[in-house]
Amino acid sequence: MTNKVWHKGLPFSPEVAPYLRRMALVDEHREALLRLQGVWDSLALLGQMSGTATDIAQTRTAFQDLTTTLLDSLARRLRSHALERMASKARVAIDILVRNLFERTADVGFLASDGPLCAHAALSPTDPDPAASRQALQARFAAYTAKYSVYDDVIVLSPRGEVLARRDEGITLAACNEPWIAEALASDAPYIERYGTTALLGGREGLIYARALKSPAGTNEVIGLLCLSFRLEDEMAAAFRQLLAGQDEHAVICLLDAGQRVLQSSDAWQIAPGATLRIKGERVVFAGRDYLCAVAGASGYEGYGGPPGWTACVLTPLEWAFEAEDDAALGDELGQAIDTRQLFDAELQGIPLEAQRIQRNLSRTLWNGKLRSHARGATGASGAGFATTLLNEVQRTGGQLRQVFEQAIAKLQNSTLAAVFDGARFQARLAIDIMDRNLYERANDCRWWALDVRLQRALAAQGTAQAQAAALEARQVLQHINGLYTVYSLLLVFDIQGRVVAVSDPAQDRHVGQPLSAPWVGAALALRDPERYVVSRHEVSALYDAANPTYIYATSLQHEGQVVGGIAIVFDGAPQFAAMLRDALPAANSDAAGLFVTRDGRVVASSDARWPAGTSAPLSLALLAGLGAGQTLRSELEIDGRIYAAGIAMSQGYREYRQGQAASGEDVAAVLLQPLGPRLPALGAATDAGFIPPPAQAGAQTLDIAAFSVAGEWLGLPAALLVEALEQPRLTALPNAPHHIVGMLEHEGRMLPVLDLSLALYGRAAPAQEAPVIICRNEGGQGLALRVEELGPVFGIAASQALPSPGHRARLVRGADGSSHRMLTLLTAEDLWAHIGMTLAPQRGQPALLSP
């Protein structure tokens, strides 16, 4: 018991000690077990006073030790479940943000190269009509932000900090000379990332991405500074809502900076933005309230790690942190039982086995006690009736203790299963959310880049003397964009006939001049609204890896109000979808599998090589058909003889992306598969109640019987023949003995042969590790040991209730109503010793012990 902390009379591991007062489930089982053990102590005292049941103290100690193990394991499991769930949510919160911000670092780089924007900024020192230029810039901002609602402001500053134009005209600041602006103007970095309070945003805090604007004349002259203000509060509020939806309603998710200052909070009433948390471990006290806390840093995306030092943390008030998930509907969903041992560690797996061992030992002890009690009663000794009553009460209390253990283990198992199924559903929702957010960016990118006047001019010049030079400029623009946005394998522009004019990758110049014939090409060229785009089916394309399908997004390019061609962006689907699934899989389980599948059952991507892209998904289409946009479900799936907990989540889009679209076979769902184990064999509808003795009838002559089971059948012997039952005694081999004589054992200084009744009667051996051995002694003092499978009741009946069996020496005893075995076969001493001596040969088709 070293390094244990005592709580209410029981030892616990130090890591759970601070939380025990908040673990209602532990207290519930502790009180039930201690109450029964108090009854046990009273029975043991009565047994000692009366001279019976003196050997149940060892069983009581074993139950006490198991109680300690069970409650400590339960407490540690509650703590680990809570921390794992919270850590997962914290990791998701920061990783979703970092994926989003990676796109912002690329956006500012692309927009800083926009021709009209740079031209207007270059005019600012000598601009004869600054109001007109400002309006032109604002119109340009409006065109871009109409496609991206993630920005609340776009600002262009002069080299002197003057506000040349901005999207949000509600802020009237004329100039801003804060030090960070001068640093950004002087920087050659691809982007400047700055969070904090600034006059540029009207004195509020904000996250700004900035980049110096260079002269469109091709010189390196800095002509201004572009600033994109990201809607951080809006983005985090949406992420927090999703992460806390349906569960953990009392938890708070916070975004923290490197100094653990709260930047954003899901519940400002509990933990307000601006507060500083002092997190030094898993337990945090803030404003006088105790919280369980889990913190996660960013995993990084495409080499970008997010703002330095930023983390996400989940804090749950201790009074709500250890609520066990008890899902009564889960059993109905699972149907037939599943072998879930792999979900438990070795200690928890051992608890039910140890409880069974203690119960077997108790059954043996009580069986022996009842033998002695019946022997005393046969000699007329006083107190035999009291002893039998006491032993029955001990047996009942032992059964109640076992029941509490079974209920605790069952509740723990159900809680664990509920956590696995809900975790699978949560991870599936996360995976589809990551995909929706990612493809939102793809849909917006093609429309953003369609605004680039250099690409518009290049396509408008096709068929003229400037066509070649324009195509070369288009190629350079596409290469620059592809260098910023690394999630694409290829960018290309095509003319009004669908012929490729330029590509971003020189290694794929073979496509230049080639006509495109896919359906999405004509659909893109038919678009007149700059806010519209088209996307291909998830399919193999000559523009991508021939072995993997992908998506291609496209829209039209317009010049002076006329469609002059289109732009297509080829998503690098194989590694990007793999990265999305990898981010969504539970970090602690490498056996889990994630898939993106279409509503019509095609695999878009899979983390498991068994289901490559383009093949059929391993689930029923009916599960997908009934899911509406954004809906989720949990289910069990049987794959290759193994049961999986499945979480399924249907795409619902993100912001403006795919909102309000009708369901189609191209809709994508995320599927998370968590392996559980094989299906257990089906059990009978009724629980085997064993053999229940009949009520004793009045009669002059009584018969005491000790019952036991062999190969599923119930047998008995006169109690006077039996000495005691032993559990797993050590056997000595007996060479050349018949196969049903399994050895010899020493008992009270004498070596006795051990007869395996299951082998002798039915030809199959009893389970040697669990089978008790019964010591018998006949009237002549000869000893014999019998190996059986399970000990049954010791009971008395009128001799007339033992019915003759026609043609056999054995007699039959009819069980009571409710007995799952209607008959018990009562063997005789002559049968046993004759069989050992091999003087009775079995007749054809009959076991030796039951032969006439």
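Predicted, not measured: the structure shown is a model, and the values here were computed from it. (Residues numbered from 1 in each chain as written. Predicted model: local features only at pLDDT ≥ 70, side-chain atom pairs only at ≥ 80, totals over all residues. Heavy atoms only, no water.)

## Some details on the pattern of salt bridges
Put simply, the rule reads: What makes a salt bridge here is a side-chain nitrogen of Lys or Arg within 4 Å of a carboxyl oxygen of Asp or Glu, nothing more. The buried label applies to any residue whose accessible area, calculated with a 1.4 Å probe on protein chains only, is under 20% of its type's maximum; exposed applies above 50%, and partly exposed to all values in between.
Overall, the coordinates contain 35 salt bridges when judged by the stated rule. A salt bridge links Asp-495 to Arg-499, with the shortest nitrogen-to-oxygen separation between them at 2.8 Å. Since its relative accessible area comes to 2%, Asp-495 is described here as buried. Classification of Arg-499 as partly exposed rests on a relative accessible area of 36%. Of the charged contacts in the structure, one is a salt bridge between Arg-537 and Glu-666, with a shortest N-O distance of 3.1 Å.

## Concerning the nonpolar core
How we decide: As used here, the term nonpolar core means buried Ala, Val, Leu, Ile, Met, Phe, Trp, Tyr and Cys residues forming a set that is joined through side-chain atoms within 4.5 Å. Under the scheme used here, helices are H or I runs from DSSP no shorter than 4 residues and strands are E runs no shorter than 2 residues, and both carry numbers assigned from the N terminus. Residue contacts are counted whenever heavy atoms from the two residues lie within 4.5 Å of one another.
Leu-226, Trp-449, Val-493 and Phe-596 are the most contacted members of the largest nonpolar core, which has 153 residues in total. For this core, the element with the most residues is helix H10 (residues 384-449), which contributes 25 residues. Other than its neighbours up to four places away in sequence, Val-493 contacts Leu-455, Leu-459, Ala-474, Leu-478, Arg-499, Val-500, Val-501, Ala-502, Leu-557, Gly-566 and Ile-567.

## Considering the side chain of Glu-103
By secondary structure assignment, the location of Glu-103 is in helix H2 (residues 57-111). In this structure, Glu-103 is in contact with Glu-441, Arg-442, Asp-445 and Tyr-485, ignoring residues within four places of it in sequence.

## A short note on the sheet that holds strand S11 (residues 289-297)
What counts, and what does not: Any two strands are treated as partners once DSSP identifies two or more bridges connecting them. A fitted line through C-alpha atoms serves as each axis, taken over the contacting stretch for helices, and the angle formed by two N-to-C directions is quoted from 0 to 180°.
Pairing is antiparallel in the open sheet, where five strands are placed in the order S9-S8-S12-S11-S10. Strands at the two margins of the open sheet, each flanked by one partner only, are strand S9 (262-265) and strand S10 (283-286). Each adjacent strand pair in this sheet contributes to an overall mean axis angle of 35°, direction not counted. Bridge count between strand S8 (residues 252-256) and S9: three bridges; the pairing is antiparallel. Following the sheet pairing, Cys-254 is matched in S9 by Ser-265.

## Some points on the pairing of strand S16 (residues 552-559)
Within S16, six of the eight residues are buried, which leaves it mostly tucked inside the rest of the structure. As judged from the eight bridges shared by S16 and strand S17 (residues 562-571), these two strands associate in the antiparallel manner. Along S17, the bridge assignment pairs Leu-557 with Gly-565. Following S16, the chain reverses through two residues before pairing antiparallel with S17; Glu-560 in that reversal takes a positive phi of roughly 55°.

## Considerations on the packing of aromatic side chains
To be explicit about the condition: Pairs were defined over the aromatic rings of Phe, Tyr and Trp, the Trp ring being its six-membered one, requiring ring centres within 6.5 Å. Orientation was assigned from the angle between planes: stacked under 30 degrees, edge-to-face over 60, tilted for the rest.
This model, assessed by the stated rule, comprises 15 aromatic pairs. Where Phe-494 meets Trp-520, the ring centres are 6.1 Å apart and the plane angle is 70°; that geometry is what we call edge-to-face. Of this pair, Phe-494 sits in strand S13 (residues 488-495) while Trp-520 is found in helix H13 (residues 519-525), placing the two residues 26 residues apart along the sequence. For the pair Phe-494 and Trp-520, one class covers both residues: buried.

## Comments concerning the environment of Glu-789
As for its placement among the helices and strands, Glu-789 is situated in the loop between strand S29 (783-787) and strand S30 (790-798). For the pair formed by Glu-789 and Phe-708, sequence separation is 81 residues and the distance between their alpha carbons is 7.3 Å.

## Description of the state of the cysteines
Counted only if it meets this: Throughout, disulfides are identified as pairs of cysteine sulfur atoms within 2.5 Å of each other.
Taken as a whole, this structure holds zero disulfides when the rule is applied. Counting only cysteine sulfurs, Cys-227 is the nearest neighbor of Cys-176, a cysteine outside any disulfide, at a range of 8.5 Å.

## A look at the side chain of Arg-77
Tracing the chain through its elements places Arg-77 in helix H2. Ignoring sequence-local partners within four residues, the contact set of Arg-77 consists of Leu-343, Phe-344, Asp-345, Leu-348, Leu-412 and Thr-416.

## Here's the deal with empty space enclosed by the protein
How we decide: Only protein atoms enter the calculation, which uses a 1 Å grid: trapped sets of points that fit a 1.4 Å probe without letting it out are cavities, open sets showing protein on both sides within 12 Å along at least five of seven lines are pockets, and any residue with an atom within 4 Å of a point is a lining residue. Grid points are joined across faces, edges and corners, and a volume is the space filled by probe spheres set on the points. The classification used treats Ala, Val, Leu, Ile, Met, Phe, Trp, Tyr, Cys and Pro as nonpolar, Asp, Glu, Lys and Arg as charged, and all other residues, Gly among them, as polar.
Scanning the entire structure with this criterion turns up three cavities of 30 Å³ or more. Of the pockets and cavities examined, the largest cavity occupies roughly 120 Å³. Looking at the largest cavity, the residues that line it are Ile-96, Arg-99, Asn-100, Glu-103, Tyr-301, Ile-434, Arg-437, Asn-438, Glu-441 and Tyr-654. When residues of the lining of the largest cavity are traced back to their parent elements, those giving at least two are H2 and H10. For the lining of the largest cavity, the residue count by class is four nonpolar, two polar and four charged.

## Quick look at the sheet that holds strand S23 (residues 702-710)
Spatial ordering of the open sheet is given by S30-S23-S24-S33-S32-S31, a layout of six strands whose pairing is mixed. The open sheet has two edge strands, S30 and strand S31 (802-804), and neither has a second partner. Direction aside, neighbouring strands of the sheet carry axes that sit 35° apart on average. Alignment of strand S32 (residues 811-814) against strand S33 (residues 823-826), held across four bridges, turns out to be antiparallel. Paired with Leu-812 across the two strands is Thr-825, which belongs to S33.

## Examining the packing of helix H11 (residues 453-460) against helix H12 (residues 467-484)
Short version of the rule: The labels follow the angle: roughly parallel below 35 degrees, roughly antiparallel above 145, roughly perpendicular from 65 to 115, and oblique for the rest. Two helices cross in a left-handed way if the nearer one is turned anticlockwise from the farther one by less than a right angle. They cross in a right-handed way if the turn is clockwise.
For the pair H11 and H12, the least separation of the axes is 8 Å and the interaxial angle reads 150°. In this view, H11 runs roughly antiparallel relative to H12, as classed from their interaxial angle. Between H11 and H12 the crossing geometry is left-handed. On H12, the residues that touch Arg-454, Leu-455, Arg-457 and Ala-458 of H11 are Ala-470, Glu-473, Ala-474, Val-477 and Leu-478. Class assignment of the residues belonging to the contact of H11 with H12 gives a composition of six nonpolar, no polar and three charged.

## Details of the environment of Leu-491
If you trace the backbone, Leu-491 turns up in strand S13. Relative accessible area serves as the criterion here: at 0%, Leu-491 is assigned to the buried category. Considered as a pair, Leu-491 and Ile-569 are 78 residues apart in the sequence and their alpha carbons are 4.6 Å apart. Setting aside anything within four residues of it in sequence, one finds Leu-491 in contact with Trp-449, Leu-478, Ile-481, Asn-482, Ala-502, Val-503, Ser-504, Ala-568 and Ile-569.

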